[in-house]
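Each chain, letter by letter, is given below.
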Amino acid sequence: LERLRSVFDDPLFVRTSKQMRPTPKAEELAIPIRNALDTLQKAFSTSEAFDPEKVECVFKISMSDYCETVILPRLMHYLLNKAPKIQIEITSPASAMPQQGLETSMFDLVIGNRDVTAGIFQQKLWVDTFVCMVSNHHPQIKTTMTMDQYLEFPHVLFAPRGKKDRIVQETLKKKGFSRIVALKSPNILVIPEIIKKTPYIITLPRMLAASIDNSQLKLLKPPVNFPNLPIMQYWHEAMHNDPAHWWVRKDIKQFFNDGDE
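Below is a short write-up of the structure. In this text, all values refer to a predicted model and were calculated from it rather than measured experimentally.

### Here's the deal with the packing of aromatic side chains
The tally for this structure, following the rule as stated, stands at 7 aromatic pairs. Centroid distance Tyr66 to Trp126: 6.1 Å. Interplanar angle 85°. Geometry classified as edge-to-face. Taken together, the positions of Tyr66 in helix H3 (residues 65-82) and Trp126 in strand S6 (residues 120-128) put the pair 60 residues apart, joining distant regions of the chain. In this structure, Tyr66 and Trp126 share a single accessibility class: buried.

### Quick look at the side chain of Thr23
For Thr23, the position within the fold is in the loop between strand S2 (20-22) and helix H2 (24-45). Classification of Thr23 by relative accessible area gives buried; the value is 8%. Excluding its chain neighbours within four sequence positions, the residues that come into contact with Thr23 are Asp10, Pro11, Leu12, Phe13 and Val14.

### Observations concerning the sheet that holds strand S7 (residues 130-135)
Taken in spatial order, the 3 strands line up as S10-S7-S11 in an open sheet, and their pairing is antiparallel. Both outer strands of the open sheet, strand S10 (202-205) and strand S11 (217-220), are each paired with one neighbouring strand and no more. When the angles between neighbouring strand axes are averaged without regard to direction, this sheet yields 35°. Relative to S11, S7 is paired through 4 bridges, and the arrangement is antiparallel. If you follow Ser135 over to S11, its bridge partner there is Leu217.

Rules and cut-offs
- Residues numbered from 1 in each chain as written.
- Predicted model: local features only at pLDDT ≥ 70, side-chain atom pairs only at ≥ 80, totals over all residues.
- Heavy atoms only, no water.
- Phe/Tyr/Trp six-rings, centres within 6.5 Å; stacked < 30°, edge-to-face > 60°.
- Helix = DSSP H or I, 4+ residues; strand = E, 2+ residues; numbered from the N terminus.
- Buried < 20%, exposed > 50% of the residue type's maximum accessible area, 1.4 Å probe, protein only.
- Contact = heavy atoms within 4.5 Å.
- Pairing = 2+ DSSP bridges.
- Axes fitted to C-alpha atoms, helices over the stretch in contact; angles between N-to-C directions.

What follows is the structure, encoded as structure tokens:
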């Protein structure tokens, strides 16, 4: 009380015959202090009272077209039923480095395969493998594909935002192989229609191939052993215990079964 009297230059409370009586200054301070205490109380009780159906927020996620195709249909259907007031905003992975984007809150979550350093948590969602797709009516390729066939027929490359299929390209280069490329396209939706009507080949992650229209197409094991592709989700340590952030991460993780924290 002595310290408060010194700070506010007021006695704040004075003694009467039966009790302490607040001064006008003390009564004036009571309202903002009570409001501040109410705000603190709400802040401390947020995690206990977290209700996804009532949460209103924009959740910014940086991920590739591949991850969008695999994750977003499941995620949006889930949110529609469980948290309809959460809005998802997708940010291009090329817009910023993942570390910088998470540190500056440009986005809340990064999904993909990225290089991060201290201060960033990561969790494996799934590990993908590569498959080849060709038309059901391919003139030569039936139930299996040889290396000669893989190199003989032209390829379509899925190249979102100007990127190449780096893992496939680097693996072939190390083995001394070179493909004939007929088309590079950032549009995954048009590629199946092209493959159906041509003898072209495409090599892409299995989860992506399963998420697009692959009717009238055959999924085959490539004649080359390409490395597996682990897909992770990354977030900054500042958001690790945020209730809404934790809830969205948990829901994305539950769609897949082979990742560990």
